[in-house]
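# Observations on the three-dimensional arrangement
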Amino acid sequence: MTEAGVSALIGLGGNLGAVAERFAAAQAALGSLGRVRGRAPDFWSLPLGPEQPIFRNSALWLETKLPARQLLTALHKIESDQGRQRDLRWGPRTLDLDLLYYGDAISYDSNCRIPHPHVRERAFALGPAAVLAPEHRDPEAGRCLAALYQETRRDIMEALTSKAELRAFRKRCTGRLAFVPTMGALHEGHLSLVRQARELGDHVLVSIFVNPLQFGPQEDLARYPRDPEGDRRKLLELGVDGLFEIESPAMYGAHHETRIVQERLPRHLCGLSRSGHFEGVMTVVAKLLLLASPDVMLLGRKDFQQTVVLQRMITDLDFPVELHIAPTTREADGLALSSRNAYLSPEQRAQACCLSQALFAGERAFAAGETDPRALERLMAAELAQARELVVEYCTLVDPNTLDARSGAARAGDVALVAGRLGKTRLIDNRLLGAVADPRLPDPLAENP
Ligand code: PAF
């Protein structure tokens, strides 16, 4: 024991109610038992028990003169003050406080086992403690926590809710960082990007931010689908390392007025009906790239114009990031996956596959020798006309680099794009024709179906 007392590492966990607030209350209560030297970032983890919300976890470093048994009793008191009930072994809990380490003490006392008997096998306990006190030595293993954590299965995900936390996460990443920006309501398309991110990076970061700057005043910002708990669970199951979730006031300061603009590309296609949309997308992605400094960013090719606009921004402004564009994920009938598909009524859903059918028809005609771009567009429009309620916004064949309507003969690598509204739901889709002209773009024939 030093002058200040013993360094105790305490694990915090909970999955019922306002857990973040309970962690703050526990930290305040622990402050009266000694000196709080620091608190680890929060992490998400999957519950060990069945059918319950995911857990929030952290760790706290306390220098205290209380003997270990008394400290443990004090932890139990704080738990019960925060509504903890100890009826189910793996049940949900408001607050769980575990004494993980008490200096370099080893105790086999069954009421106060030190180190905590499971700390080395549970990433949700070891991970936060290792981030907080990497040099702390586990007296049984004879190794520091950072080294032990290197060997643990990574089934926890850092909960990043501020720019400072995101920057600190980035600093701790020791290898290549792969980044998937999203607006949440994650579907299989997003998940396939995350799986590819795992292949491309040593660490995977996902962001969920419904960016108000990219929605027009008449658009669906207020009703955009949200499922934070479901999204976190899906990302945990895929082994994501960090999830950045932030709200608009924290992302854009009260006086934010800067926008990234482009001269030409946003004036085509979706930009014609969504004024300011791509400025909003570029601005938020630029901010995310500056905050996260990823080595590679992954985007889905379903938003083709977005990928072209962002590649242009990355090149023009020298962002040191590689852009990886992944093929569109589709339903069995060809409909491109989109968070907005959730808005469709069953009747609209049945009509929605006309978009992909039109593109496939265009592709087939091109493969059979049709190279007149206007003839290909007419053929696709005829397919779109099958969808009774669809109000077509565009149906066109463009140069993939300039997004200008193809003049002269259609060629391999040109992109066929369609957009339209079914009721209030705006849908878009695209396909590359034939073999690939630009090696950065994926082979359309490798897409399903
Ligand atoms: O494609 C999206 O989900 C968004 O436009 C993006 C890239 C996350 C920016 O908000």
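Along each chain, residues carry numbers from 1 onward, in the same order as the chain's sequence is written. With the structure being a predicted model, the display of local features is reserved for residues of pLDDT at least 70 and the display and counting of side-chain atom pairs for 80 or more, all residues being used for whole-chain, interface and lining totals. The basis for every side-chain value is the complete set of non-hydrogen atoms in the structure, without hydrogens or water.

It is worth spelling out helix H13 (residues 354-367) at this point. Numbering of helices and strands runs from the N terminus, with a helix taken as a DSSP run of H or I at least four residues long and a strand as a DSSP run of E at least two residues long. Given the number of residues in a helix, its expected span is that number minus one, multiplied by 1.5 Å. In this model, H13 (14 residues) spans 20 Å end to end at C-alpha, consistent with the 20 Å of a helix rising 1.5 Å per residue. Of all 14 residues making up H13, 11 are buried, and the element is well covered by its neighbours. Count one or two residues on from H13 and you reach glycine 369, which has phi positive near 115°. Throughout this description, buried means an accessible area under 20% of the type-specific maximum (1.4 Å probe, protein chains only), exposed means over 50%, and partly exposed covers the range between.

All right, on to the site of the ligand then. Note on definitions. A residue lies near a molecule or strand when any single heavy atom of the residue is within 4 Å of it. Neighbouring the ligand are the residues Pro181, Thr182, Met183, Gln214, Val284, Asp303 and Gln306. Any pair of nitrogen or oxygen atoms within 3.5 Å is treated as a polar contact; in protein, a donor-acceptor pairing is required on top of that, and neighbouring residues in sequence qualify only through side-chain atoms on both sides. At a separation of 2.6 Å, an oxygen atom of the ligand approaches a polar side-chain atom of glutamine 214.

What follows deals with the sheet that holds strand S16 (residues 425-432). One key point about sheets: their strands pair by backbone hydrogen bonds, in either a parallel or an antiparallel sense. In this scheme, strands are said to pair when DSSP sees at least two bridges between them. Spatial ordering of the open sheet is given by S14-S15-S16, a layout of three strands whose pairing is antiparallel. The open sheet has two edge strands with one neighbour each: strand S14 (390-398) and S16. Taken over all neighbouring pairs, the strand axes of this sheet differ in orientation by 10° on average, direction set aside. Note that S14 and strand S15 (residues 415-422) share eight bridges and pair antiparallel. Across the sheet, the residue bridging to leucine 397 is alanine 416, located in S15. Together, S14 and S15 form the strand contacts of helix H14 (residues 373-384), whose direction differs from that of S14 by roughly 155°. Under this scheme, a helix contributes an axis fitted over its contacting stretch, all axes are lines through C-alpha atoms, and angles between N-to-C directions fall in the 0 to 180 degree range. Only heavy atoms enter the contact rule, under which two residues are in contact if any of them lie within 4.5 Å.

Before going further, it helps to examine helix H10 (residues 277-292). Helix length check: H10 (16 residues) gives 22 Å between terminal C-alpha atoms against 22 Å at 1.5 Å per residue, within 8%. Burial analysis of H10 places 15 of its 16 residues in the buried class, the great majority of the element. Positioned one or two residues after H10, serine 293 has a phi angle of 40°, which is positive.

In this section: the nonpolar core. Within this scheme, the nonpolar core is defined by two criteria: the residues are buried Ala, Val, Leu, Ile, Met, Phe, Trp, Tyr or Cys, and they are joined through side-chain atoms within 4.5 Å. Grouped together as the largest cluster of nonpolar side chains are 47 residues, with contacts concentrated most on Leu205, Met251, Leu289, Met297 and Met313. Ranked by the residues each element gives to this core, the list is headed by H10, at 10 residues. With residues near it in sequence (within four places) discarded, leucine 205 still touches Leu160, Leu166, Phe169, Leu177, Ala178, Phe179, Val180, Gly242, Leu243, Phe244 and Ala292.

Right, let's get into the packing of aromatic side chains. Stacked, tilted and edge-to-face are the three classes assigned to paired rings of Phe, Tyr and Trp, where Trp is represented by its six-membered ring and a pair needs centres within 6.5 Å; plane angles under 30 degrees give stacked, over 60 edge-to-face, the rest tilted. For the structure on display, the rule yields two aromatic pairs. Centroid distance phenylalanine 209 to tyrosine 252: 5.9 Å. Interplanar angle 55°. Geometry classified as tilted. A residue pair is termed long-range when its members are at least 10 positions apart, and phenylalanine 209 in the loop between strand S10 (203-208) and helix H7 (228-237) and tyrosine 252 in the loop between helix H8 (248-251) and helix H9 (270-273) qualify at 43 residues. Judged by its relative accessible area of 4%, phenylalanine 209 is buried. Judged by its relative accessible area of 7%, tyrosine 252 is buried. Look at phenylalanine 215 and tyrosine 224: their rings are 5.7 Å apart centre to centre, the planes differ by 80°, and that puts the pair in the edge-to-face class. The same class applies to phenylalanine 215 and to tyrosine 224, which are both buried.

This part is about the side chain of arginine 93. Residue placement: arginine 93 occurs in the loop between helix H2 (68-81) and strand S5 (96-102). Residue class for arginine 93 comes out buried when judged on its relative accessible area of 11%. A polar side-chain atom of arginine 93 sits 2.8 Å from a polar atom in the side chain of aspartate 96.

With that settled, the discussion passes to the confidence of the model for the protein. A residue's pLDDT is the confidence the predictor assigns to it, expressed on a 0 to 100 scale. When pLDDT is averaged across the protein, the result is 94; 96% of the residues are at 70 or more. Residue range residues 436-449 is modelled with pLDDT below 50. Its contacts to residues more than four positions away, or to other chains, number 34 contacts.

All right, on to the pattern of salt bridges then. Salt bridges are identified by distance alone: a Lys or Arg side-chain nitrogen within 4 Å of an Asp or Glu carboxyl oxygen. One pass over the structure, following the stated rule, counts 32 salt bridges. Between aspartate 303 and lysine 302 there is a salt bridge, with its nearest N and O atoms 3.8 Å apart. Given a relative accessible area of 28%, aspartate 303 falls into the partly exposed group. In this structure, glutamate 393 engages arginine 421 in a salt bridge whose closest nitrogen and oxygen atoms are separated by 3.6 Å. With a gap of 28 residues between them, glutamate 393 in strand S14 and arginine 421 in strand S15 connect regions that are remote in the sequence.

Further remarks concern the environment of threonine 94. Secondary-structure assignment places threonine 94 in the loop between H2 and S5. C-alpha of threonine 94 to C-alpha of alanine 159: the two residues are 65 residues apart in sequence and 18 Å apart in space. Those residues within four positions of threonine 94 in sequence are excluded, and the remaining contacts are Gly13, Gly14, Leu16, Val19, Arg22, Gln82, Gly83 and Arg84. One polar contact links the side chain of threonine 94 to the main-chain carbonyl oxygen of glutamine 82, over a distance of 2.9 Å. For threonine 94, the side chain forms a polar contact with the main-chain nitrogen of arginine 84, separated by 3.2 Å.

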